[in-house]
Amino acid sequence: EVQLVESGGGLVQPGGSLRLSCAASGFTFSSYTMNWVRQAPGKGLEWVSYISGSTSNINYADSVKGRFTISRDNAKNSLYLQMNSLRAEDTAVYYCARVGSGWFYDYWGQGTLVTVSS
Amino acid sequence: QSVLTQPPSVSGAPGQRVTISCAGSSSNIGAGYDVHWYQQLPGTAPKLLIYGNSNRPSGVPDRFSGSKSGTSASLAISGLQAEDEADYYCQSYSLSGYVFGTGTKVTVL
């Protein structure tokens, strides 16, 4: 059974940093592109970043470029998101999601809440 | 920032058919990228509903159907049921990355 479990969310002050993790199980992690997708309270879904299985392809939404860094450790079946220079508008539930064979998300984690506030 | 436009809400009585539109552009849907749909029940993570414009994953009822034409797509729910009350999002791709729709809340009257 495919499982994605996020962790690392919490309350952080503006300008601060946070590192999110996503533990994957039930599939060959290194074979799949992984994404971070976020959802601000009461708002819609927003793509944040993706990383290919081999880490050769990485991309970011303009809203986080230069502040967030995506990475993965295939030996540990884990995905990460290092978030720096956090702003109030980064407040959201952050989901990790697996990309199926066609640029769609076939599995999602339960999400972890990040709150940026003083 | 959402680049695919959906109606904020649609509603229907049990048993009725409702449709949700998803309008894109020549840089995403119109560029040939497929459209996918997700259902998000309150307080839960999104769930894949339709992939590749019109394909249903295992376990998704055939009441749900999708189509794509030109720069837009649509999701139809026939035989509307109370448990279909949720938020629905379309999703596609562009050269700058993945793109989502603005989301549509479906209310069962």
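Residues numbered from 1 in each chain as written. Chains lettered and ligands numbered in written order. Predicted model: local features only at pLDDT ≥ 70, side-chain atom pairs only at ≥ 80, totals over all residues. Heavy atoms only, no water.

Next up on the list: the overall build of chain A. Along chain A, the regular secondary structure elements total zero helices and 11 strands. Counted from the first residue to the last, chain A has its helices and strands arranged as β-β-β-β-β-β-β-β-β-β-β. In terms of overall dimensions, chain A has a C-alpha envelope of 40 × 25 × 25 Å along the principal axes. In chain A, buried positions account for 50% of the 118 residues. (Helix = DSSP H or I, 4+ residues; strand = E, 2+ residues; numbered from the N terminus. Buried < 20%, exposed > 50% of the residue type's maximum accessible area, 1.4 Å probe, protein only.)

To continue, consider the side chain of Ser52(A). All names here are of chain A. Following the sequence through the fold, Ser52 ends up in the loop between β5 (45-51) and β6 (58-60). For Ser52, a relative accessible area of 9% translates into the label buried. Here the side chain of Ser52 touches Ser56 through a polar contact of 3.1 Å, landing on its backbone nitrogen. In contact with Ser52, not counting residues within four places along its chain, are Tyr32, Thr33, Asn57 and Arg72. (Polar contact = N/O pair within 3.5 Å; in protein donor to acceptor, adjacent residues only side chain to side chain. Contact = heavy atoms within 4.5 Å.)

To continue, consider the interface of chain A and chain B. Counting residues at the interface gives 21 residues for chain A, matched by 19 residues for chain B. Summed over both sides, the interface between chain A and chain B buries roughly 1600 Å², with carbon and sulfur atoms accounting for 62% of that surface. Among the residues of chain A in contact with chain B, Leu45(A), Trp103(A) and Phe104(A) are the three that bury the most area, contributing 39% of the side total. Viewed at the interface, chain B and chain A are joined by zero salt bridges. Joining chain A to chain B, the criterion identifies eight residue pairs in polar contact (both at pLDDT 80 or more). Mapped by element, the contributors of at least two residues to the side of chain A that touches chain B are β4 (34-39), β5, β9 (92-99) and β10 (105-108) of chain A. Looking at the side of chain A that touches chain B residue by residue, the classes come out as 10 nonpolar, eight polar and three charged. (Buried area = accessible area lost by both parts, 1.4 Å probe. Salt bridge = Lys/Arg side-chain N within 4 Å of Asp/Glu carboxyl O. Nonpolar A, V, L, I, M, F, W, Y, C, P; charged D, E, K, R; others polar.)

Among the nonpolar cores identified, the biggest contains 26 residues, and Trp36(A), Phe68(A), Leu79(A), Leu81(A), Met83(A) and Tyr94(A) are the most heavily contacted of them. Leu81(A) has contacts with Leu18(A), Arg19(A), Leu20(A), Trp36(A), Val48(A), Phe68(A), Thr69(A), Ile70(A) and Tyr94(A), leaving out every residue within four places of it along the chain. By size, the runner-up hydrophobic cluster in this structure holds 22 residues, among which are Ile20(B), Val35(B), Leu49(B) and Leu75(B). (Core = buried A, V, L, I, M, F, W, Y, C linked by side-chain atoms within 4.5 Å.)

Residue and element names in this part refer to chain B. Side-chain alternation along strand β9 (residues 104-108) places Thr104, Val106 and Val108 on a buried face and Lys105 and Thr107 on a face that remains uncovered. Bridge analysis of strand β1 (residues 9-12) against β9 gives four bridges, and the strand direction is parallel. Looking across to β9, one finds that Ser9 is bridged to Lys105. Strand direction decides the pairing type here: strand β7 (residues 86-94) and β9, joined by three bridges, are antiparallel. Among the inter-strand pairings, Tyr88 is bridged to a residue of β9, identified as Thr104. (Pairing = 2+ DSSP bridges.)

As a further point, take the state of the cysteines. In this structure the tally under the stated criterion is two disulfides over all chains. The disulfide partner of Cys22(A) is Cys96(A), and the S-S distance across this bridge is 2.0 Å. Since a negative S-S torsion denotes a left-handed disulfide, the Cys22(A)-Cys96(A) link at about 45 degrees is right-handed. With Cys22(A) in strand β3 (residues 18-25) and Cys96(A) in strand β9, this residue pair connects regions lying 74 residues apart in the sequence. Exposure remark for Cys96(A): the relative accessible area of 0% places this residue in the buried category. Between the sulfur atoms of Cys22(B) and its disulfide partner Cys90(B) the distance amounts to 2.1 Å. The sign of the S-S torsion, about 80 degrees, decides the handedness of the disulfide formed by Cys22(B) and Cys90(B): right-handed. In this pair, Cys22(B) is assigned in strand β2 (residues 18-23) and Cys90(B) in strand β7, connecting sequence segments 68 residues apart. Cys90(B) shares its class with Cys22(B); the two are buried. (Disulfide = S-S within 2.5 Å.)

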